[in-house]
Amino acid sequence: MIHSIDGIQFKRMVLHGSAALALQKQQINDLNVFPVPDGDTGTNMSLTIGTAAAELKKADTRSLGQAASITAGALLRGARGNSGVILSLLFRGMSKFLKGRDEADAAVLAAAMQEGVAAAYGAVMKPAEGTVLTVSRLASKRAAEAAGENNDVDYTLAEAVRVGYEVLAQTTDMNPVLKKAGVVDAGGKGYLVILEGMLAALRGEAMPEVAEEVHGRQEKADFNAFSAEEITFAFDTVFIVRKDDPEVNLTPLRDYLNSIGDSLVIGEDDEAFKVHVHTNIPGSALTEAQKFGTLELAKIENMRTQAEDLAAGKKAQSVDDLEAVEEALESGAPAAAPEKRYGFLAVCAGEGLAAVFRDLGVDGVISGGQTMNPSTESILKEIERVPAETVFVLPNNKNIIMAAQQCVGLASREVVVVPTETIPQGITAMMSVDPEMDVKTLLETMTEAIRNVATAQITYAARNSDFDGFAINAGDYLSLLDGKLFGTNQDIGVMLEKLAEKAAEKEAEFVTLFYGENVTEEQAGEAEALFARHCPGAELSVLPGGQPVYYYIVSIE
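A short tour of the structure in this document, coming up. Here the structure is a predicted model, which is why all the values come from computation and not from measurement.

### Observations concerning the overall build of the protein
Thought 1: Secondary structure summary: the protein contains 20 helices and 18 strands in total.
Thought 2: Looking at the protein as a whole, 54% of its 557 residues are labelled buried.
Thought 3: In the protein, once contacts between residues fewer than 6 apart in sequence are set aside, the share between residues at least 24 apart is 72%.
Thought 4: For the protein, the accessible surface area stands at approximately 24400 Å², while carbon and sulfur atoms represent 48% of it.

This is the structure in C-alpha cells:
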C-alpha cells in the first residue's frame, strides 16, 4: 500500500495518465454522438494533458505542490475545446489545494480532487448531469469516503476509478441523447482513463508507449532583419518575483513598465510573476518590481550588442539560465504596445472567411473551428499581438468559447469574449461595432446582434448514427440550422433546397452563402440561383469562404 505521494510520483502519474489517454483517444472520439466532423473529445483532452506531460518532463519536481502547479498551468494554456478546459479546471482546483505541500496522503488527495470538481462546476454556467462533471463529482466523493476507510493513496484512487466507471455507465440513462445512441459520456470516459493511468503509475505498471506528438514549434527572431540603431530600448529584461501577497494587483507595475519601455509581458500564478520588458533602465524596472515581492532571478541582455554580433557573423552572447522558468510562465511573444482603444480577434478556417473578417476591421485571425479547436495558449498569443487596450474575441464556435474565456486575466490587456457560436454570428457581431461605445455597452450590442441571425450549414456525416429521428450513414450530407440537425440526404441539392425553403419561410431579408474549399464556382452559382428562386425579395450574396468541413455556411437574417 502507498501511504502518500510526492512531486516525483505525481509527475509519473500525470505522464502515465497522458500516455493512457493518447492510446484511447480514438475510442473516446467514437463516443461522440453528434455525427458531424468535430473537434473530438478524445483528441482535445489528449492534446490538453499532453501539454502538461511535456512541461513535467522538463521539470525536476520533488514537491507535490510544485508538480501540481506546473501541471495546472500547462493544462490551462494547452486547453482545447470545452472538454479540455474542464479537464484543466479539475487539475487547477487540485493544484490550489495542494499548494505548499511536499506530499499528500489519501485524505489530502481526495480533498484536492473535490476542490477540482468545485472549480469545474463553478466555471460552467449551466452544469448538466450525465457529463464529465457528474463522473468527476461522484468519483471524488467516493475518494473522500475511501480515504476515511483506508488512508492509502492507491486504495482511494482505485475506489474513485471503480465508482467513476459505475457512474459513467449511468450517464447513458442520464442524458436522452446518450441513451438513444447507446453510449456513455466521452468526457467522463476520458477523465477516468487519465485516473486509471495515474493509478497504474502508482502500482508500478509500465507506461504505455505512444508516438510523440508535435504540439507546436518555437519561432526564433531574425536578428538580421533589423540593425542596432533601430533598437529603441536596448535591454531585454526578464525577471521572476516571488509574491508577498497571492492576490497582489500588478496593474500599477504594468503601467510603470509600459512608461519606461515596450514589448511588455507579465505572466503570473498564485506564487510568483515573471516580467519581460525591453527598456533602457533595467535597474529601475527591478527596483519597482520589488515593491510587489522578492526578486528571485533576473536576466538582462543587450540587444544592440547582440544585433551587432549577429550582423558580423558572430554568436551573440546570451544568458540561458532562465529558459525553463520563462517557458513555464510566458504566454508567447512580447505583447504589442496598445495603439488604440479596441481591437478584435476572430477564429475561422478558410482564407475567404478570414478576408471577410479583416474587411470588417478584425485585427487578427486565428485559424481554427470544427476539427481544429485552438488552445487557450494559441488564442492568448494572438490576443497579445493585437495593439489595443481591450481585445474582443469572437470564437465563432461553441466548442472554443470556454478556451477563449480562460484568457481573461491571463493577458496583459483587457479581454472580452463575445459568445459567437458560428461564422455568421461573428460577422454580424462585427457589423454592429461602434467604437464610441464603452466596453459593457459594446458587448451588449454585439451579443444582441447575433440573436438576429440564423446559421445554416451543410457538411457530411463522420459516422453512422441514429440521431433526432434521422438514420444517418457515414458520408451522407447533413444540413444544420442553428446547431440542430435539419435534414440528411445523399444529394446535396436536396439539402440546399430545404434550406432555401426555410429561408423563405423566415422571410429572410439578407442571405449570404459562403462556399467551401470543395465547392466549385459553378456549383456555388447553382446554389445562388436556387436561393434566388425561393427568396426573390432577399438581398443575396455568394462568397468563397474556402472553409474545410462545411460545403456551405449560410447566414439568414
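Having seen it, we continue.
### Examining the packing of helix H19 (residues 492-505) against helix H20 (residues 521-534)
Thought 1: At a minimum axis distance of 9 Å, the contact between H19 and H20 shows a crossing angle of 35 degrees. In this structure, the crossing between H19 and H20 has a hand that is right-handed. Every residue of H20 that contacts H19 at Gly493, Leu496, Glu497, Leu499, Ala500, Glu501, Ala503 and Ala504 is listed here: Ala527, Leu530, Phe531 and His534.
Thought 2: Class assignment of the residues belonging to the contact of H19 with H20 gives a composition of eight nonpolar, two polar and two charged.

### A look at the pattern of salt bridges
Thought 1: Inspection of every chain in the model, using the stated rule, returns 16 salt bridges.
Thought 2: Measuring nitrogen to oxygen at the nearest pair gives 3.3 Å for the salt bridge that ties glutamate 55 to lysine 58.
Thought 3: Its salt-bridge partner being arginine 162, residue glutamate 159 comes within 2.8 Å of it at the nearest N-O pair. In this pair, glutamate 159 and arginine 162 both sit in helix H7 (residues 153-174), three residues apart, roughly one turn of the helix.

### Topic: the side chain of aspartate 185
Thought 1: The topology assignment puts aspartate 185 in the loop between helix H8 (176-181) and helix H9 (186-202).
Thought 2: Notably, aspartate 185 is buried but unbridged: the nearest opposite-charge side chain belongs to lysine 189, and the N-O separation is 11 Å.
Thought 3: Reaching out from aspartate 185, the side chain makes a polar contact with the backbone nitrogen of glycine 187 at a distance of 3.3 Å.
Thought 4: Setting aside anything within four residues of it in sequence, one finds aspartate 185 in contact with Leu31, Gly130, Thr131, Val132, Leu168, Thr171 and Leu178.

### Considering the sheet that holds strand E10 (residues 414-417)
Thought 1: With respect to topology, four strands assemble into an open sheet ordered E8-E7-E9-E10, the strand pairing being parallel. The open sheet terminates on both sides in strands that have one partner only, identified here as strand E8 (364-367) and E10. Ignoring strand direction, the axes of neighbouring strands in this sheet form an average angle of 25 degrees.
Thought 2: Two elements, strand E7 (residues 340-348) and strand E9 (residues 388-394), share six bridges in a ladder whose sense is parallel.

### With respect to the packing of aromatic side chains
Thought 1: All chains considered together, the criterion is met by three aromatic pairs.
Thought 2: Ring centres of tyrosine 477 and tyrosine 551 lie 5.4 Å apart, and the angle between their planes is 65 degrees; this geometry places the pair in the edge-to-face category. In this pair, tyrosine 477 is assigned in strand E14 (residues 477-481) and tyrosine 551 in the loop between strand E17 (539-544) and strand E18 (552-556), connecting sequence segments 74 residues apart.
Thought 3: The structure contains a cluster of three or more aromatic residues connected by ring pairs, namely Tyr342, Phe344 and Phe392.

### A word on H20
Thought 1: Along its 14 residues, H20 runs 20 Å from first to last C-alpha, staying within 8% of the 20 Å computed at 1.5 Å per residue.
Thought 2: Those residues of H20 not exposed but buried are Ala524, Ala527, Leu530 and Phe531. With its buried residues spanning 115 degrees around the axis, H20 presents them on a single face. Of the exposed residues in H20, those oriented more than 90 degrees away from the buried face are Glu521, Glu522, Glu526 and Arg533.
Thought 3: Summarising the contacts, the buried residues of H20 are in contact with H19, strand E16 (510-515), E17 and E18.

### Details of the sheet that holds E14
Thought 1: Ordered in space as E15-E14-E11-E18-E16-E17, the six strands form an open sheet in which the pairing is mixed. Of all the strands in the sheet, the pair left with one neighbour each is strand E15 (484-489) and E17. Across the sheet, the axes of successive neighbouring strands diverge by a mean angle of 15 degrees, strand direction being ignored.
Thought 2: Bridging between E16 and E18 involves five bridges; their strand directions are antiparallel. Looking across to E18, one finds that phenylalanine 514 is bridged to isoleucine 553.

### Notes on the nonpolar core
Thought 1: Formed by 86 residues in total, the largest nonpolar core has its most connected members in Ile5, Phe10, Tyr191, Met198, Ile379 and Ile383.
Thought 2: Examining the composition of this core, we find that 10 residues originate from one element, H9, more than from any other.
Thought 3: Discounting chain neighbours no more than four positions away, the residues touching tyrosine 191 are Met45, Leu87, Leu90, Met113, Val132, Val135 and Ser136.
Thought 4: In this structure, Leu353, Phe392, Met430 and Ile553 belong to the second largest nonpolar core, which totals 29 residues.

How each quantity is defined
- Residues numbered from 1 in each chain as written.
- Predicted model: local features only at pLDDT ≥ 70, side-chain atom pairs only at ≥ 80, totals over all residues.
- Heavy atoms only, no water.
- Helix = DSSP H or I, 4+ residues; strand = E, 2+ residues; numbered from the N terminus.
- Buried < 20%, exposed > 50% of the residue type's maximum accessible area, 1.4 Å probe, protein only.
- Contact = heavy atoms within 4.5 Å.
- Areas by Shrake-Rupley, 256 points an atom, 1.4 Å probe, with all protein chains shown as cover.
- Axes fitted to C-alpha atoms, helices over the stretch in contact; angles between N-to-C directions.
- Left-handed = near helix turned anticlockwise from the far one by under 90°.
- Nonpolar A, V, L, I, M, F, W, Y, C, P; charged D, E, K, R; others polar.
- Salt bridge = Lys/Arg side-chain N within 4 Å of Asp/Glu carboxyl O.
- Lys, Arg positive; Asp, Glu negative; His and termini not counted.
- Polar contact = N/O pair within 3.5 Å; in protein donor to acceptor, adjacent residues only side chain to side chain.
- Pairing = 2+ DSSP bridges.
- Phe/Tyr/Trp six-rings, centres within 6.5 Å; stacked < 30°, edge-to-face > 60°.
- Expected span 1.5 Å × (residues − 1).
- Arc of directions from axis to C-beta.
- Core = buried A, V, L, I, M, F, W, Y, C linked by side-chain atoms within 4.5 Å.

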